[in-house]
Amino acid sequence: MSAHEQIEELRTRMGESIIGQKDVIERILIGLLANGNLLVEGLPGLAKTRAIKALANNVDADFSRIQFTPDLLPSDVTGTEVYFQKDGGGEFRFEPGPIFSNIVLGDEINRAPAKVQAAMLEAMEERQVTVAGTTHKMPPLFMVMATQNPVEQEGTYPLPEAQMDRFLMHVNIVYPPVEDEVKIIDLVRGEEIAVQDDAPREEPPARIPQQAVFDARKEIGRIKVSDAVQRYMADLVYATRTPQKYSEDLDRWIDVGGSPRASLALDKCSRTHAWLQSRVFVDPEDVRAVVHDVLRHRLMLSYEAQGEGVSADAVIDALVEQVALP
């Protein structure tokens, strides 16, 4: 099977265990193939944890889960030096923490204090951890999906805006339509019955090898981006820094725009989206398909915008309308 066929098989398998969240599955695959990390926000019970577990269960990769709490220490995430006694002496050895996995779920990252968030985000950005003067590299396949609850703010430590920029995308999960909710009830009921049933179960299909992800990344790197589309990406990000050139409302709503990291993320995600659609080039629709997820957490909105109840998505909608298509 080609890399594209294997990734489509992965998408199908994930869709069988996550109903009503096709966009979330696609965003997780984009994050995996673009070699980035995701911040996922949604109310409890919307399959955030189930989504990343569905990915880990179908890819030949290690999986770890970190439940963030206010009393967590950086060493609980990164690992620490442990003293081992030997004949006539002893030595310190590094015991890796849960961050040293291929796929890491950081549950409710905004419940961890600043030191723990900084250690986590450093590992995500630098792909390495330094403990006791020794640098330890992350595995070649490494992805963090961090979740946060948008409702509960008591006992939380909101991520600083500058550190939010390190996430490739900020994905919002919404309620599924009622038709899909009926299917969800059937699915979970069937899973519960299968667990209680003593009948022999079918062997699960072979996991998708990591090499399929690496091969896909090579193909994505060869996706063509025309000068016009590349300029369109840059124009969208530049518009967040010079909103006064586009409209009075945008000027009132945006305090700080996206950095060049936003342009790089938009390029990566657009090329990955085009590859998933079986195209060898990026068109403006690929850019528009991912622009909200790429810019949502990179815009600092003014107090005026917050007072008027204007969301980041509404601001991005206005930007997309104002910036000319190539």
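The rules we used
Residues numbered from 1 in each chain as written. Predicted model: local features only at pLDDT ≥ 70, side-chain atom pairs only at ≥ 80, totals over all residues. Heavy atoms only, no water. Helix = DSSP H or I, 4+ residues; strand = E, 2+ residues; numbered from the N terminus. Rg over C-alpha atoms; globule rule 2.2 N^0.38 Å. Buried < 20%, exposed > 50% of the residue type's maximum accessible area, 1.4 Å probe, protein only. Contact = heavy atoms within 4.5 Å. Areas by Shrake-Rupley, 256 points an atom, 1.4 Å probe, with all protein chains shown as cover. Lys, Arg positive; Asp, Glu negative; His and termini not counted. Charge placed at Lys NZ, Arg CZ, Asp CG, Glu CD. Polar contact = N/O pair within 3.5 Å; in protein donor to acceptor, adjacent residues only side chain to side chain. 1 Å grid on protein atoms, 1.4 Å probe; cavity = no way out; pocket = protein on both sides within 12 Å on 5 of 7 lines; lining within 4 Å. Points joined across faces, edges and corners; volume = space filled by probe spheres on them. Nonpolar A, V, L, I, M, F, W, Y, C, P; charged D, E, K, R; others polar. Phe/Tyr/Trp six-rings, centres within 6.5 Å; stacked < 30°, edge-to-face > 60°. Expected span 1.5 Å × (residues − 1). Pairing = 2+ DSSP bridges. Core = buried A, V, L, I, M, F, W, Y, C linked by side-chain atoms within 4.5 Å. Axes fitted to C-alpha atoms, helices over the stretch in contact; angles between N-to-C directions.

A few words now on the overall build of the protein chain. If you tally the helices and strands in the protein chain, you get 14 helices and 11 strands. In terms of C-alpha radius of gyration, the protein chain reaches 21 Å, essentially the compact-globule figure of 20 Å for 326 residues. Taking the principal axes of its C-alpha atoms as reference, the protein chain extends roughly 70 × 50 × 40 Å. Buried residues in the protein chain amount to 46% of all 326 residues. Expressed as a percentage of contacts within the protein chain between residues at least 6 apart in sequence, the contacts between residues at least 24 apart total 76%. Of the accessible surface of the protein chain, which amounts to about 16,500 Å², a share of 51% is contributed by carbon and sulfur atoms. Taking the average location of the 34 positive side-chain charges in the protein chain and that of its 52 negative ones, the two points are 5 Å from each other.

Now for the environment of Glu 5. Structurally, Glu 5 can be placed in helix 1 (residues 3-17). At a separation of 3.0 Å, a polar atom in the side chain of Glu 5 contacts the main-chain amide nitrogen of Ser 2.

This paragraph deals with the layout of surface pockets. The space that makes up the largest pocket amounts to roughly 760 Å³. In terms of lining residues, the largest pocket is bounded by 24 residues, among which Glu 41, Glu 161, Met 164, His 170 and Leu 299 are the most central. Contributing elements (two or more residues each) for the lining of the largest pocket: helix 6 (161-164), strand 9 (169-172), strand 11 (300-301), helix 13 (303-307) and helix 14 (312-322). Classifying every residue of the lining of the largest pocket by side-chain character gives 10 nonpolar, 9 polar and 5 charged.

Next up on the list: the environment of Gly 190. With respect to the helices, strands and loops of the structure, Gly 190 is situated in helix 7 (residues 178-196). Placed 26 residues apart in sequence, Gly 190 and Ala 216 show a C-alpha to C-alpha distance of 34 Å.

Okay, the environment of Pro 74 next. Within the fold, Pro 74 resides in helix 4 (residues 74-78). Note: C-alpha distance between Pro 74 and Gln 163 (89 residues apart in sequence) is 16 Å.

What follows covers the packing of aromatic side chains. One pass over the structure, following the stated rule, counts 1 aromatic pair. Measuring from centroid to centroid gives 5.7 Å for Phe 94 and Phe 100, while their planes differ by 75°, and the two rings are edge-to-face.

Another aspect to go through is unusual backbone geometry. Even without being glycine, Glu 108 reaches a positive phi, approximately 55°. Following the sequence through the fold, Glu 108 ends up in the loop between strand 5 (103-107) and helix 5 (114-126). In this structure, Arg 127 is a non-glycine residue whose phi angle is positive, near 55°. Inspection of the secondary structure assignment puts Arg 127 in the loop between helix 5 and strand 6 (128-131).

When you line up the elements, His 273 lands in helix 11 (residues 260-276). Ignoring sequence-local partners within four residues, the contact set of His 273 consists of Glu 26, Ile 30, Asp 286, Ala 289 and Val 290.

With that settled, the discussion passes to helix 5. For helix 5, spanning 13 residues, the distance from its first C-alpha to its last is 18 Å, which sits close to the expected 18 Å at 1.5 Å a residue. Inspection of helix 5 places Val 116, Gln 117, Ala 119, Met 120, Leu 121, Ala 123 and Met 124 among the buried residues, and these make up the whole buried set.

Pairing of strand 3 (residues 79-86) with strand 4 (residues 89-96) involves 8 bridges; the strand directions are antiparallel. Bridging across to strand 4, Lys 86 finds its partner in Gly 89. As consecutive antiparallel partners, strand 3 and strand 4 are separated by 2 residues, and within that stretch Gly 88 has a phi angle of approximately 75°, a positive value.

Before going further, it helps to examine the nonpolar core. One broad rule of soluble globular proteins: the nonpolar side chains tend to lie buried together. By size, the foremost hydrophobic cluster in this structure holds 71 residues, and its most contacted members are Ile 28, Leu 55, Leu 266, Trp 275 and Val 315. With sequence-adjacent residues up to four places away left out, Leu 55 is seen in contact with Leu 10, Met 14, Ile 28, Leu 32, Ile 103 and Met 143. Residues Leu 39, Ile 109, Ala 123 and Val 144 belong to the second largest nonpolar core, which totals 25 residues.

Moving on to the pairing of strand 6. Residues of strand 6 alternate between two faces, with Val 129 and Val 131 buried on one and Gln 128 and Thr 130 left unburied on the opposite face. Linking strand 6 back to strand 7 (residues 134-137) in an antiparallel pair, the connection comprises 2 residues, with Ala 132 at a positive phi of about 55°.

Moving on to the sheet that holds strand 8 (residues 143-148). What holds strands together in a sheet is hydrogen bonding between their backbones, with the strands either parallel or antiparallel. On the basis of which strands lie adjacent, the open sheet formed by 5 strands has the order 2-5-8-1-9 and parallel pairing. In the strand order of this sheet, the two ends are held by strand 2 (63-67) and strand 9, each with one partner. When the angles between neighbouring strand axes are averaged without regard to direction, this sheet yields 20°. Of the pairings in the sheet, the one linking strand 1 (residues 38-41) to strand 8 comprises 4 bridges and is parallel in character. When the sheet's bridge partners are listed, Glu 41 is paired in strand 8 with Gln 148.

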